[in-house]
Amino acid sequence: MRTITHEIEFTEVPLHELNEIEKTLYDKALDASQKAYAPYSRFHVGAAALLENGQIVTGCNQENAAYPSGLCAERVTLFAAAANYPDTPVEALAIIACQNGQIKEQISPCGACCQVLIETETRFDRPIKIMLCGKEQVRILSSSRMLLPFSFTSNDL
Ligand code: THU
């Protein structure tokens, strides 16, 4: 028997220390969260993806009376980016959540969104910088693989 330890590394950056593009992504994700269609949870999530060509694609959660038919902000954003720019790698994704008009502490993408993030990284052979945005701090990870170390990939098929 042996025990294996897996560590993840991320940085915590106060808002005023974000660089220009990071601040833009933060603001665009926050704007997107205001457009969420979340009448059931009232949990408004926004995401902003920076593409290699400099385009920023945004998205927000889309809920449905048949609950499982809804989709998280991260997948709305990644699928919109892939649908509109199928050959362009995604470089970064900022994610933010608001409830009762307040920015929440940093939330992490759900497992299904992590799978889609990792698929996108694999597709373009490029890590995606993840920005988990809070009210005063942003957690920055260098790849979505850190969020889901035991993801299911095409190698498993
Ligand atoms: N949600 C997201 O959009 N992203 C996340 O990372 C977590 C959860 C959405 C799904 C649902 O519309 C609402 O937030 C409550 O779970």
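Asker: So what about the packing of aromatic side chains? Which residues, and what values?
Answerer: Under the criterion given, the structure shown has one aromatic pair. Arranged with centres 5.6 Å apart and planes meeting at 45°, the rings of Tyr40 and Tyr67 form a pair that is tilted. Linking Tyr40 in the loop between helix H1 (20-33) and strand E2 (43-51) with Tyr67 in the loop between strand E3 (56-60) and helix H2 (73-84), this pair joins segments that are 27 residues apart in sequence. A relative accessible area of 60% means that Tyr67 is categorised as exposed.

Asker: Describe in detail H2, supporting the description with residues and values.
Answerer: An ideal rise of 1.5 Å per residue puts 16 Å on 12 residues; H2 measures up with 16 Å between its terminal C-alpha atoms. Among all positions of H2, only Ala73, Glu74, Arg75, Thr77, Leu78 and Ala81 are buried. Summarising the contacts, the buried residues of H2 are in contact with E2, E3, strand E4 (90-99) and helix H3 (111-124).

Asker: Go over the nonpolar core, please, and point to the residues and values.
Answerer: Leu93, Ile95 and Ile130 are the most contacted members of the largest nonpolar core, which has 19 residues in total. Of all the secondary structure elements, the ones that give two or more residues to this core are E2, H2, E4, H3 and strand E6 (129-133). Leaving out residues up to four positions away in the same chain, Ile130 has contacts with Leu93, Ile95, Leu117, Arg139, Ile140, Leu141, Ser143, Ser144 and Leu147. Grouped together as the second largest cluster of nonpolar side chains are 14 residues, Ala48, Ala94, Ile96 and Met131 included.

Asker: Residue-level account of the site of the ligand, with values.
Answerer: Neighbouring residues of the ligand: Ser41, Phe43, Val45, Asn61, Glu63, Cys72, Ala73, Glu74, Ile107, Ser108, Pro109 and Cys110. Glu63 places a side-chain nitrogen or oxygen 2.5 Å from an oxygen atom of the ligand. At 2.6 Å from an oxygen atom of the ligand is found a side-chain nitrogen or oxygen belonging to Glu74. Starting from 380 Å² of accessible surface for the ligand in isolation, the protein chains cover 74%. When residues of the shell around the ligand are traced back to their parent elements, those giving at least two are E2 and H2. In the shell around the ligand, the residues fall into seven nonpolar, three polar and two charged.

Rules and cut-offs
- Numbering of residues starts from 1 in each chain and follows the order in which that chain's sequence is written.
- Residues qualify for local features only when their pLDDT is at least 70, as the model is predicted, and side-chain atom pairs are given and counted only at 80 or more; totals for whole chains, interfaces and linings, by contrast, use all residues.
- Where side-chain values are given, they derive from all heavy atoms of the structure, hydrogens and water being excluded.
- Between the rings of Phe, Tyr and Trp (Trp by its six-membered ring), a pair exists once the centres lie within 6.5 Å; its type follows the angle of the planes, with under 30 degrees stacked, over 60 edge-to-face, and the other angles tilted.
- Runs of E in the DSSP output that reach at least two residues are strands. Runs of H or I that reach at least four are helices, and both are numbered from the N terminus.
- Accessibility here uses a 1.4 Å probe with only protein chains present; expressed as a share of the type maximum, an area under 20% marks a residue as buried, one over 50% as exposed, and anything in between as partly exposed.
- The length a helix should cover is 1.5 Å for every residue beyond the first.
- Every residue pair with non-hydrogen atoms within 4.5 Å of one another is taken to be in contact.
- By convention a nonpolar core is built from buried Ala, Val, Leu, Ile, Met, Phe, Trp, Tyr and Cys residues, the set being connected through side-chain atoms within 4.5 Å.
- Near is defined per residue: the residue qualifies when any heavy atom it owns lies within 4 Å of the molecule or strand.
- Two N or O atoms count as a polar contact when they lie within 3.5 Å, although within protein this holds only if one can serve as hydrogen donor and the other as acceptor, and sequence-adjacent residues are included solely when both atoms are side-chain atoms.
- To measure how exposed things are, a 1.4 Å probe is used in the Shrake-Rupley method; for residues, cover is taken only from the protein chains shown.
- Gly counts as polar in this scheme, as do all residues outside two lists: the nonpolar Ala, Val, Leu, Ile, Met, Phe, Trp, Tyr, Cys and Pro, and the charged Asp, Glu, Lys and Arg.

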